[in-house]
Amino acid sequence: MALTFAAGNKVFYDKQVVKQVDVPSFSGAFGILPKHVPTLAVLRPGVVTVLENDGKQNKIFVSSGTVTVNDDSSVQVLAEEAHPLENLDRAAAQETLSKAQSEFNSAANEKAKAEAAIAVEVAEEIVKAASA
């Protein structure tokens, strides 16, 4: 199946044929194989795993975005931000998490609290991914 995977910072795959894609979504994590039922899902913070045709696994952290599976089995993953796991810095992620938790605890209104909660969720997932 042809995979296009892009974020604002990089294009990871451009219609490259792959065996499988595993994605984290708000309705639950799921795997995509050729002939998957057409689907549209919202990505949650987590790791997208791509199994390439040569057997190599590529793991990429995404902060949010969408995944679309089309009738022709092509797949598009469009992420707000995406970074290969090997580029994640666990110490920096932990520092970001601590800062986000502090902002959440000191939020002055509901809007600030909601924004801080999103930052905490993303930072927690980055720490988890960087520790894997």
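Rules of the game
- Residues numbered from 1 in each chain as written.
- Predicted model: local features only at pLDDT ≥ 70, side-chain atom pairs only at ≥ 80, totals over all residues.
- Heavy atoms only, no water.
- UniProt positions renumbered as here; feature names shortened; annotations may be inferred.
- Salt bridge = Lys/Arg side-chain N within 4 Å of Asp/Glu carboxyl O.
- Helix = DSSP H or I, 4+ residues; strand = E, 2+ residues; numbered from the N terminus.
- Buried < 20%, exposed > 50% of the residue type's maximum accessible area, 1.4 Å probe, protein only.
- Contact = heavy atoms within 4.5 Å.
- Expected span 1.5 Å × (residues − 1).
- Polar contact = N/O pair within 3.5 Å; in protein donor to acceptor, adjacent residues only side chain to side chain.

An unreviewed UniProt entry lists the protein under the name F-ATPase delta subunit, from Leptosia nina. Its UniProt record gives the protein a comment under Sequence similarities (unreviewed entry), which states: "Belongs to the ATPase epsilon chain family." Comment text from UniProt for the protein, heading Subcellular location (unreviewed entry), reads "Mitochondrion inner membrane".

Asks: What is the right way to look at the pattern of salt bridges in this model?
Replies: Pairs may arise between side chains of opposite charge once their charged atoms sit close together. Counted according to the given criterion, the structure contains three salt bridges. In this structure, Arg44 and Glu125 form a salt bridge, with 3.9 Å as the shortest nitrogen-oxygen distance. With Arg44 in the loop between strand 4 (39–43) and strand 5 (46–52) and Glu125 in helix 2 (residues 110–131), this pair connects stretches of sequence that are 81 residues apart. The exposure class assigned to Arg44 is partly exposed, which follows from its relative accessible area of 26%. Taking relative accessible area as the criterion, Glu125 reaches 16% and is therefore assigned buried. Connected through shared salt-bridge partners, Arg44, Glu125 and Lys128 make up one network.

Asks: Mind showing me how you'd approach the UniProt feature "coiled-coil region" (unreviewed entry) in the protein here?
Replies: Following the UniProt record, the feature "coiled-coil region" (unreviewed entry) maps to residues 90–117 here. The span residues 90–117 is 86% helical and 0% strand by assignment, and the distance between its end C-alpha atoms comes to 20 Å.

Asks: Explain the environment of Val21 here, please?
Replies: Counting through the fold element by element, Val21 comes out in strand 2 (residues 10–23). Put simply, Val21 and Lys128 are 107 residues apart on the chain and 20 Å apart in space, counted from C-alpha to C-alpha. The contacts of Val21, once residues within four sequence positions are left out, are Met1, Leu3, Phe30, Gly31, Ile32, Val48 and Thr49.

Asks: Where do I start with helix 2 in this structure?
Replies: Working note: α-helix, 3.6 residues per turn, so residues spaced by three or four point in the same direction. In this model, helix 2 (22 residues) spans 31 Å end to end at C-alpha, consistent with the 32 Å of a helix rising 1.5 Å per residue. For helix 2, the full list of buried residues reads Ala116, Val120, Val122, Ala123, Glu125, Val127 and Ala129. Summarising the contacts, the buried residues of helix 2 are in contact with strand 5, strand 6 (57–62) and helix 1 (90–105). Backbone nitrogen of Lys111 and a side-chain oxygen of the N-cap are separated by 3.1 Å at the start of helix 2; the cap is Asn109.

Asks: It is not clear to me how unusual backbone geometry should be interpreted in this structure. Could you clarify?
Replies: Leaving glycine aside, a negative phi is the common case for residues, and trans is the common case for peptide bonds. Despite not being glycine, Lys35 has its phi angle at roughly 70°, a positive value. Within the fold, Lys35 resides in the loop between strand 3 (30–32) and strand 4. The class of Lys35 is exposed, set by a relative accessible area of 77%. Even without being a glycine, Ser73 presents a positive backbone phi close to 70°. Turning to its location among the elements, Ser73 is positioned in the loop between strand 7 (65–69) and strand 8 (75–79).

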